[in-house]
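# Secondary and tertiary structure notes
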Amino acid sequence: MAQDVAMYTGSTTGTSRNNDICSDYTPITWKVDRKCHLISASSFDKLCYDMKQQLDDMADDLYAHGSRLLVNSTMVADNQQDRRNLRKASHDHAH
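Let me sum up the structure you'll find in this document.

### What about the pattern of salt bridges?
- Enumeration according to the criterion identifies two salt bridges in this entry.
- Arg-34 is the partner of Asp-4 in a salt bridge, and the nearest nitrogen-oxygen pair spans 2.8 Å. Of this pair, Asp-4 sits in the segment before β1 (5–9) while Arg-34 sits in the loop between β2 (29–33) and α1 (41–53); the two residues are 30 residues apart in sequence, bridging distant segments of the chain.
- Note that Lys-46 and Asp-50 form a salt bridge whose closest N and O atoms lie 2.8 Å from each other. Residue Lys-46 and its partner Asp-50 are both found in helix α1; the two are separated by four residues, about one turn of the helix.
- Taking relative accessible area as the criterion, Asp-50 reaches 30% and is therefore assigned partly exposed.

See the structure below:
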């Protein structure tokens, strides 16, 4: 189980959304394990195979997607936290 996880609000993939057009699937949240995990090519092939076997057509998820430009900072969620500041705050209060 992941121990050091970054949590994000909003989507980063796809070039069809921008500062003028938001996603229809809001609110979007996602998490990323900060630790790097090695995965073998055969495991990745198996993942793609399993995705192809799903009843729900996942063909559109089997290729690399583009990433969008960063949105204007006035449109960014107001729940941002700086990990460095969180560490400093916990250190300052750990007496």
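### Details of the environment of Lys-35
- As for its position among the elements, Lys-35 is in the loop between β2 and α1.
- Judged by relative accessible area, which is 54%, Lys-35 ranks as exposed.
- When the C-alpha atoms of Lys-35 and Val-5 are compared, they prove to be 8.3 Å apart, with 30 residues separating the residues in sequence.

What counts and how
- Residues numbered from 1 in each chain as written.
- Predicted model: local features only at pLDDT ≥ 70, side-chain atom pairs only at ≥ 80, totals over all residues.
- Heavy atoms only, no water.
- Salt bridge = Lys/Arg side-chain N within 4 Å of Asp/Glu carboxyl O.
- Helix = DSSP H or I, 4+ residues; strand = E, 2+ residues; numbered from the N terminus.
- Buried < 20%, exposed > 50% of the residue type's maximum accessible area, 1.4 Å probe, protein only.

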